[in-house]
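Structural overview
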Amino acid sequence: MDRKTALDLYRVMRRIRDFEERSTVLFGEGKVWGTIHSYTGEEAIAVGVSAHLRDDDWITSTHRGHGHCIAKRADLGKMYAELLGRETGYCRGRGGSMHIADTSKGNLGANGIVGGGIPIATGAALTAKQLGTDQVAVSFFGDGAANQGGFHESANLAALWKLPVIYVCEVNQYAESLPVERGFPIKDIEKRAEGYGIPGVRVNGLDVREVYEASGTLIERARRGEGPSFLVAYAYRHEGHYYGDPRKYQTKDQIEGWKQKYDPLVDARRWIVADKLATEAELDAIDAEVIEEAKRAVAFAEESPLASPITLPGDVYASH
Amino acid sequence: MDRKTALDLYRVMRRIRDFEERSTVLFGEGKVWGTIHSYTGEEAIAVGVSAHLRDDDWITSTHRGHGHCIAKRADLGKMYAELLGRETGYCRGRGGSMHIADTSKGNLGANGIVGGGIPIATGAALTAKQLGTDQVAVSFFGDGAANQGGFHESANLAALWKLPVIYVCEVNQYAESLPVERGFPIKDIEKRAEGYGIPGVRVNGLDVREVYEASGTLIERARRGEGPSFLVAYAYRHEGHYYGDPRKYQTKDQIEGWKQKYDPLVDARRWIVADKLATEAELDAIDAEVIEEAKRAVAFAEESPLASPITLPGDVYASH
Amino acid sequence: MFYNEALGDALRLEMERDPRVIVMGEDIAEHGGAFQVTAGLLEKFGPTRIRQTPISELGIVGAAVGAALTGLRPVVELMYIDFAGLAMDQLVNQAAQNRFMFGGQARVPMVMRTQGGTGRGNAAQHSKSLEAWFTHVAGLKVVMPATPADAKGLLTASIRDDDPVVFLEHKLLYRTKGEVPTGGHLVPLGKADVKRVGTDLTIVSWSRHVLLSLEAAAKLANDGIAAEVVDLRTLVPLDTDAILSSVRKTHRVLVVHEAIKRSGFGGEIASLIAEEAFDDLDAPPKRLAGLETPIPYAKHLEASVVPQVDDIVKAAKELVA
Amino acid sequence: MFYNEALGDALRLEMERDPRVIVMGEDIAEHGGAFQVTAGLLEKFGPTRIRQTPISELGIVGAAVGAALTGLRPVVELMYIDFAGLAMDQLVNQAAQNRFMFGGQARVPMVMRTQGGTGRGNAAQHSKSLEAWFTHVAGLKVVMPATPADAKGLLTASIRDDDPVVFLEHKLLYRTKGEVPTGGHLVPLGKADVKRVGTDLTIVSWSRHVLLSLEAAAKLANDGIAAEVVDLRTLVPLDTDAILSSVRKTHRVLVVHEAIKRSGFGGEIASLIAEEAFDDLDAPPKRLAGLETPIPYAKHLEASVVPQVDDIVKAAKELVA
Ligand SMILES: Cc1ncc(C[n+]2csc(CCOP(=O)(O)OP(=O)(O)O)c2C)c(N)n1
Ligand SMILES: Cc1ncc(C[n+]2csc(CCOP(=O)(O)OP(=O)(O)O)c2C)c(N)n1
Ligand SMILES: [Mg+2]
Ligand SMILES: [Mg+2]
């Protein structure tokens with residue numbers, strides 16, 4: 001991997017990590033409410049995949065959506081503003097963490113319904129096919145979502161119609177408190193692709209290089225009109241399911257140890273330095289830039305006015 | 001196969017064929033209304049599987065349900081009475097063809113929702129498991145139903161919990177007007193079983209011997225507590241999707257020729273005679289008995305009183 | 001022109017006018033749809049615009065949502081309204097709410113056409129009337145035409161609308177006939193239509209029960225009772241003015257629908273009238289609707305659980321007595 | 001005892017009493033359920049009776065239907081009512097109708113517990129109030145307790161009932177406290193409860209808005225207005241008598257609920273009253289309910305779209321003015 005790509009990937013991963021840590025603090029301070037779900041530990045997946053996506057490609061995201069949003073080049077200020085319920089937020093304070101969307105960058109939204117984005121990404125891919133463009137759609141979803149009926153129906157439809165959609169299953173070892181081995185009767189989730197006659201590819205979701213490489217191939221394939229595919233990325237969810245999760249279903253080692261052991265950012269630093277793509281100092285400089293940028297974004301959000309009152313029917317209906 | 005088994009299977013298949021032909025006539029005469037879906041051509045599937053089932057085993061059936069019902073040893077008089085909207089019908093005229101159930105024989109009902117019976121059979125199997133019995137549940141459904149999300153969710157759940165349920169997919173080449181190859185991106189539907197880590201078995205659904213053998217193994221397996229399986233039986237739907245289907249989506253050869261070519265009853269007669277299990281005359285005698293029995297059943301239905309008026313809330317609620 | 005042909009006509013014209021309009025659903029291609037609404041469209045527009053799908057209601061409706069969000073204008077045919085339970089999530093949590101949740105960034109111009117109602121012996125899983133569910137969802141529009149002309153004009157308006165529209169037909173209306181304007185014909189959403197003028201009472205109805213109410217009104221006229229029949233046509237947005245001004249004129253109102261009475265849309269209408277026109281009423285606002293039961297199969301039973309013409313006549317007479 | 005503990009208590013007692021009672025749902029085992037209703041039950045009853053499932057709402061509810069048809073008495077926990085759209089088919093086409101469709105051959109003794117409502121910033125896909133949908137389905141019973149004691153007593157009755165019961169909790173009620181009888185406690189379905197006696201107007205409500213109505217009634221009392229608060233507790237079957245006899249006493253009625261007003265269950269109540277007690281009313285029956293919008297995220301916005309105590313006070317005052 002070349003230096004530029006490596007550092008770009010690293011920077012976006014760091015940006016996500018920082019966002020998650022920072023929004024956790026804001027939540028603790030009572031400035032964010034509702035629920036937030038941290039993507040920490042899974043950064044390599046969103047970043048590796050999205051590096052191949054153009055602004056006019058679409059993604060659908062999940063309740064754990066900050067990472068996808070950032071990887072798809074969202075504006076951090078508007079993200080923080082949304083969490084803080086401000087008028088300048090992506091959704092004008094109406095959506096919050098679980099519904100951030102950025103249609104200008106093709107992000108069709110986080111989703112509070114587990115599996116809810118899968119049919120939608122499939123429909124976006126249908127638009128590309130119908131209009132004859134080379135756009136693609138990527139649906140990010142968790143291991144838990146792969147057991148929803150909507151996944152089955154969508155994968156079948158996409159395979160039949162050869163739609164340019166890539167289903168990216170993020171196996172972070174849990175669906176809330178349910179360990180993946182208690183949610184699946186099989187070990188290799190990617191095998192399910194065979195039931196639809198589409199490629200099923202397994203990658204180490206902790207290694208952004210692997211994700212980048214594998215997803216690049218699948219995305220190019222989709223752009224060429226060769227149809228959908230299923231990418232299964234195995235990683236580890238560092239935090240609880242949501243901010244405040246008592247994590248009764250995990251051992252102390254899983255909570256403390258695994259987080260140290262499985263960290264895509266630590267990994268990335270290691271190989272970037274080992275491969276002489278950059279020095280520790282250069283990476284530290286990126287980290288510092290990310291922090292500065294984040295502080296500006298938070299400041300923007302905090303200075304923004306509260307979300308304006310609901311207007312009906314205008315906030316709900318487009319034609320009225 | 002021994003003579004008794006062969007003749008029993010033949011008799012039930014003939015009974016189904018006769019029922020379908022006879023109810024078609026009744027429909028044409030305006031005595032049955034709504035919609036009926038003929039199982040002609042698929043008799044070997046219901047019959048081969050159900051031969052292994054006890055009265056306390058459960059099945060769920062489909063809109064094309066007469067065959068399953070008869071194979072599960074329903075009373076023909078009550079079936080005809082239901083089609084004719086009589087008080088003596090299985091559902092007291094409230095259900096009609098698409099909802100005939102016979103809970104005394106473990107038939108949890110035909111179903112107007114494609115795929116609707118699949119989760120229900122799964123739940124019945126849960127009952128067996130929970131109560132520690134050796135009962136099994138069989139869900140019959142069409143190729144079309146296998147593309148419903150409920151199939152995916154149920155198969156996953158049953159595999160996880162090792163439930164004694166056998167999913168029997170009847171590939172009759174069509175889902176209404178959609179040919180199976182336009183509904184599936186793969187040729188071998190049984191492959192989908194791998195995604196749940198359960199056995200997937202393909203049989204020629206025109207040959208009752210094959211169905212009998214394969215299903216026997218899977219049912220025994222389930223009784224022993226070894227979990228669910230997926231049996232895919234390939235056959236051919238002789239008639240239109242429903243009574244009156246103009247069949248614009250089929251060629252003349254498919255409508256006329258295939259029906260001759262793929263007939264499980266003709267086949268059965270052939271090998272029964274060839275294997276010297278019975279003579280043509282003996283088979284004719286069975287046919288004659290089936291006809292007599294059917295005539296008595298129709299007479300019973302026609303002599304029965306019309307369904308009694310709806311009583312509320314008693315017809316709807318059990319506790320009130 | 002038959003009602004189903006009028007719908008097909010609207011589809012054809014809108015597909016000619018706008019290449020982004022596509023149709024998706026089960027059996028809509030060679031077979032022409034369970035009620036022959038899309039008959040002939042496959043031949044005209046080919047399989048990429050008339051997209052016959054496997055049996056996957058959630059996936060299909062969800063794909064329509066995604067397609068609508070990204071630039072197409074999909075029309076989904078759900079074969080029976082009873083199957084909506086499989087697709088509600090995409091309709092309610094996604095389509096209806098996307099615009100609002102995203103702070104206005106999105107629009108979801110899709111139509112879900114389906115049909116409900118009794119009358120063909122299809123029993124409890126193929127005969128429901130579920131308009132009340134959809135009207136209870138902020139973000140959906142709900143349309144229920146009673147005549148071929150309204151069917152054409154309202155489907156045209158629904159396809160051009162930038163919001164998700166649930167377009168509800170009735171299985172017994174498809175073979176009803178009426179004058180239909182040729183060429184482009186648009187009936188705006190949100191406008192009720194007084195289908196018969198009268199002074200003694202107002203009958204508010206929609207879909208097939210408008211026709212039954214008109215039959216009843218004709219019978220009532222023989223007995224010297226002048227019933228006004230207000231066809232809502234669109235339940236959301238609702239033409240409140242049309243309802244209230246009729247009631248303010250007649251002072252008596254009967255709301256008639258096929259869906260079960262409990263929590264039916266009739267409750268919305270009757271309570272709206274009670275709230276807004278209480279002092280104008282000379283009698284309690286009355287609802288006549290389906291019994292609280294699943295739909296039975298047998299012909300005589302099926303007819304016994306939903307209001308018939310004579311039931312309307314009787315209720316109207318009691319109201320003016 | 002807290003409301004969620006009262007529910008857990010009912011589950012525990014019924015599971016001890018009847019081995020056929022099992023619980024299924026997401027996160028109900030080690031985690032104890034998203035709202036800690038099943039906390040402790042895994043330890044007591046083990047994983048075969050506290051069956052934690054994958055995320056497959058249709059499959060889970062359908063499995064409960066099949067289990068109920070064949071001899072178990074399953075209780076399903078659906079984490080949020082908003083997810084009902086995924087499972088409606090099994091609930092509506094199967095559970096609710098099986099008995100009727102099969103001519104009485106079957107019973108479906110299952111409970112689907114879930115929770116709805118605003119108040120925790122969970123936004124549009126985790127805050128709905130959908131009781132009206134379920135009440136519009138013939139064959140379901142619908143229960144919505146407001147207090148810990150009623151929660152325990154009604155859950156007990158629901159589990160013992162032979163019909164499918166939709167049991168609706170409110171996310172803000174779980175941490176409310178109240179006296180709860182220890183040991184077996186049964187509140188029969190179909191009985192409303194007058195939670196406060198008054199003479200000037202009747203407030204009809206259910207679930208959390210009963211508590212807000214009681215707060216409002218206390219404030220109104222300071223201004224010399226005596227409001228009677230009728231808690232429906234069960235929406236199906238409905239205690240019509242309790243509603244009508246209160247209204248016949250007070251002559252004024254305000255129906256209060258959190259769900260959006262359009263086609264909400266309030267319409268059923270208001271029109272029932274208008275139909276049955278028209279001459280007893282001194283003012284139009286009034287509904288106070290949620291605005292027709294998806295639920296927004298921001299705290300100040302969320303509170304602005306559903307009725308608050310002061311809104312109830314204001315509406316009541318207008319009604320008695
Ligand atoms: C349809 C639906 N069911 C249940 C939930 C509650 N829920 C929220 S996140 C979650 C777990 C999702 O697991 P997974 O798909 O693996 O994603 P992860 O949280 O691990 O990223 C559940 C059950 C939901 N939001 N939507
Ligand atoms: C949920 C649902 N969708 C659509 C239909 C309409 N429909 C009835 S039968 C049928 C085809 C079913 O195909 P398959 O499962 O292969 O069964 P077959 O009719 O071939 O026996 C369809 C689409 C339905 N009844 N239920
Ligand atoms: Mg996960
Ligand atoms: Mg088929």
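Residues numbered from 1 in each chain as written. Chains lettered and ligands numbered in written order. Predicted model: local features only at pLDDT ≥ 70, side-chain atom pairs only at ≥ 80, totals over all residues. Heavy atoms only, no water.

**Let's talk about the coordination of the magnesium ion (ligand 4)**
All names here are of chain B. We apply this condition: Only nitrogen, oxygen and sulfur atoms qualify as donors, provided they sit within 2.8 Å of the metal or within 3.2 Å for Na, K and Ca; with water excluded from the atoms, sites may seem incomplete. Counting from the N terminus, the helices are the DSSP runs of H or I reaching at least four residues and the strands are the DSSP runs of E reaching at least two. Burial classes: relative accessible area under 20% of the type maximum marks a residue as buried, over 50% as exposed, and values in between as partly exposed (1.4 Å probe, protein chains only).
Coordination of the magnesium ion (ligand 4) by the protein comes from Asp-143 (OD), Asn-172 (OD1) and Tyr-174 (O), over a distance range of 2.0 to 2.1 Å. Site description for the magnesium ion (ligand 4): donor spacing in sequence, D-x28-N-x1-Y. You can see Asp-143 sitting in the loop between β2 (137-142) and α6 (149-161) and its partner Asn-172 sitting in the loop between β3 (165-171) and β4 (174-175), a full 29 residues away along the chain. Asn-172 matches Asp-143 in its accessibility class, with the two residues each being buried.

**Things to note about the site of ligand 1**
Going by this rule: Here, proximity means that at least one heavy atom of the residue falls within 4 Å of the molecule or strand. Two N or O atoms form a polar contact when they lie within 3.5 Å of each other; inside protein one atom must be a possible hydrogen donor and the other a possible acceptor, and for residues adjacent in sequence the pair counts only when both atoms belong to side chains. Note that accessible areas follow from Shrake-Rupley with a 1.4 Å probe, and for residues the cover is restricted to the protein chains shown.
Taken together, 22 residues surround ligand 1, and among them His-63, Arg-64, Gly-112 and Tyr-174 of chain A together with Glu-57 of chain D come closest. With respect to ligand 1, its neighbouring residues span chains A and D. Here an oxygen atom of ligand 1 and a side-chain polar atom of His-63 of chain A are 2.7 Å apart. Asn-172 of chain A is positioned with one of its side-chain polar atoms (N or O) 2.8 Å from an oxygen atom of ligand 1. Expressed as a share of its isolated accessible area of 580 Å², the protein-covered part of ligand 1 is 97%.

**Side note on the pattern of salt bridges**
Selection rule: Just to be clear on terms, a salt bridge is a Lys or Arg side-chain nitrogen sitting within 4 Å of an Asp or Glu carboxyl oxygen.
Going through the model one piece at a time under the given rule, you end up with 112 salt bridges over all chains. Linking Arg-17 of chain A and Asp-263 of chain A is a salt bridge whose minimum nitrogen-to-oxygen distance equals 3.0 Å. With Arg-17 of chain A in helix α1 (residues 3-28) and Asp-263 of chain A in the loop between α9 (252-261) and α10 (264-274), this pair connects stretches of sequence that are 246 residues apart. Just as Arg-17 of chain A is buried, Asp-263 of chain A falls in that class too. Across the pair Asp-284 of chain B and Arg-269 of chain B runs a salt bridge, and its minimum N-O distance is 2.6 Å.

**Structural notes on the side chain of Asp-9 of chain C**
Residue and element names in this part refer to chain C. Inclusion rule: Every residue pair with non-hydrogen atoms within 4.5 Å of one another is taken to be in contact.
Along the chain, Asp-9 turns up in helix α1 (residues 3-17). By relative accessible area, which is 11% here, Asp-9 ends up buried. If near-sequence neighbours (up to four positions away) are discounted, Asp-9 is found in contact with Met-1 and Lys-152.

**Concerning the interface of chain D and chain B**
For the record, the criterion: The term buried area refers to how much accessible surface (probe radius 1.4 Å) is lost by two components on association, counted for both of them together. All amino acids are sorted into three groups, where Ala, Val, Leu, Ile, Met, Phe, Trp, Tyr, Cys and Pro are nonpolar, Asp, Glu, Lys and Arg are charged, and the leftover types, Gly among them, are polar.
With 41 residues of chain D at the interface, the matching set in chain B holds 38 residues. Buried surface at the junction of chain D and chain B, both sides included, amounts to about 3,200 Å², of which 62% is carbon and sulfur. On the chain D side of the contact with chain B, Thr-70, Phe-100 and Gln-105 of chain D bury the most area, a combined 20% of that side's loss. Where chain D packs against chain B, one counts zero salt bridges. At the boundary of chain D and chain B, one finds 17 residue pairs in polar contact (both at pLDDT 80 or more). Looking at the side of chain D that touches chain B element by element, the count peaks at nine residues for helix α3 (residues 57-69) of chain D. Considering only residue class, the side of chain D that touches chain B consists of 16 nonpolar, 15 polar and ten charged.

**Things to note about the interface of chain C and chain D**
Residue-level contacts link 50 residues of chain C with 50 residues of chain D. Interface area, chain C with chain D, both sides summed: about 4,400 Å², of which 60% is carbon and sulfur. Inspection of the chain C/chain D interface yields six salt bridges. Put simply, Glu-275 of chain D and Lys-261 of chain C hold a salt bridge, and the shortest N to O gap is 3.4 Å. At the junction of chain C and chain D, the tally comes to 31 residue pairs in polar contact (both at pLDDT 80 or more). If you list the elements that add at least two residues to the side of chain C that touches chain D, you get α4 (84-101), α5 (131-135), β11 (253-260), α9 (265-276) and β12 (286-290) of chain C. Per-element tally for the side of chain C that touches chain D: the top contributor is α4 of chain C, with ten residues. Residue classes in the side of chain C that touches chain D are distributed as 27 nonpolar, 13 polar and ten charged.

**Concerning the coordination of the magnesium ion (ligand 3)**
Coordination of the magnesium ion (ligand 3) by the protein comes from Asp-143 of chain A (OD), Asn-172 of chain A (OD1) and Tyr-174 of chain A (O), over a distance range of 2.0 to 2.1 Å. Here the donor residues for the magnesium ion (ligand 3) map to a single chain with the spacing D-x28-N-x1-Y.

**Some words on the pairing of strand β12 (residues 286-290) of chain D**
All names here are of chain D. Rules: When DSSP finds two or more bridges between a pair of strands, those strands are recorded as paired. Here the term right-handed applies to a crossover when the path leading from its first strand over the helix to its second strand runs clockwise, the strands being oriented away from the viewer.
Of all five residues that make up β12, four are buried, and the element is covered over most of its length. Where strand β11 (residues 253-260) lies against β12, four bridges are found, and the strand directions are parallel. Paired with Val-256 across the two strands is Leu-288, which belongs to β12. Following the backbone out of β11, through helix α9 (residues 265-276) and into the adjacent parallel β12, one traces a crossover that is right-handed.

**Here we look at the nonpolar core**
Across soluble globular proteins, nonpolar side chains have a tendency to be buried as a group. To keep things clear, this is the line we draw: Note on terminology: a nonpolar core comprises buried Ala, Val, Leu, Ile, Met, Phe, Trp, Tyr and Cys residues joined through side-chain atoms within 4.5 Å.
Within the largest apolar cluster, 402 residues are counted, with the highest numbers of intra-cluster contacts made by Phe-134 of chain C together with Phe-134 of chain D. Contact partners of Phe-134 of chain D, with chain neighbours within four places excluded, come to Ile-81, Ala-84, Met-88, Leu-91, Met-112, Leu-140, Val-142, Val-166 and Leu-168 of chain D.

**Focus: the packing of helix α2 (residues 43-50) of chain B against helix α8 (residues 208-223) of chain B**
Residue and element names in this part refer to chain B. Quick note on the threshold: Fitting a line to C-alpha atoms yields each axis, with helices limited to the stretch in contact; the angle taken between N-to-C directions then spans 0 to 180 degrees. Roughly parallel means an angle under 35 degrees; roughly antiparallel, over 145; roughly perpendicular, 65 to 115; everything else is oblique. Each crossing gets its hand from how the near helix is turned against the far one by less than a right angle, where anticlockwise is left-handed and clockwise is right-handed.
Where α2 contacts α8, the axes come no closer than 8 Å and their chain directions differ by 40°. Here α2 is positioned oblique relative to α8, judged by the angle of their axes. In this structure, α2 meets α8 at a crossing whose hand is right-handed. The residues of α8 that touch α2, namely those facing Ala-44, Ile-45, Val-47, Gly-48 and Val-49, are Val-208, Val-211, Tyr-212, Ser-215 and Ile-219. Partitioned by chemical class, the residues of the contact of α2 with α8 number eight nonpolar, two polar and no charged.

**Quick look at the relation of the copies chain C and chain D**
Spelled out, the test is: Only residues with pLDDT of at least 70 in both copies contribute their C-alpha atoms to the least-squares superposition of the copies.
For the pair chain C and chain D, the best superposition has an RMSD of 0.0 Å and corresponds to a rotation of 180° with a translation of 0.0 Å parallel to the axis. Here the symmetry operator amounts to a two-fold rotation axis. Interface overlap between copies is the fraction of interface residues in one copy that are interface residues in the other; for chain C against chain D it reaches 100%, indicating a shared surface.

**Examining the site of ligand 2**
In the vicinity of ligand 2 there are 22 residues, among which His-63, Arg-64, Gly-112 and Asn-172 of chain B together with Glu-57 of chain C approach most closely. The site occupied by ligand 2 is bordered by residues of chains B and C. At 2.6 Å, a side-chain N or O of His-63 of chain B approaches an oxygen atom of ligand 2. One nitrogen or oxygen atom from the side chain of Glu-176 of chain B is found 3.0 Å from a nitrogen atom belonging to ligand 2. Protein contact buries 98% of the 570 Å² of open area that ligand 2 shows by itself. For the shell around ligand 2, the residue count by class is nine nonpolar, eight polar and five charged.

**A word on the environment of Phe-167 of chain D**
All names here are of chain D. Considering the arrangement of structural elements, one finds Phe-167 in strand β6 (residues 165-170). In this structure Phe-167 comes out as buried when scored by relative accessible area, which is 0%. Counting along the chain gives 38 residues from Phe-167 to Ser-205, while the straight-line C-alpha distance between them is 16 Å. Ignoring any residue separated from it by four or fewer positions in sequence, one finds Phe-167 in contact with Leu-7, Val-111, Met-112, Arg-113, Thr-114, Val-143, Pro-145, Ala-151, Leu-154, Leu-155 and Ser-158.

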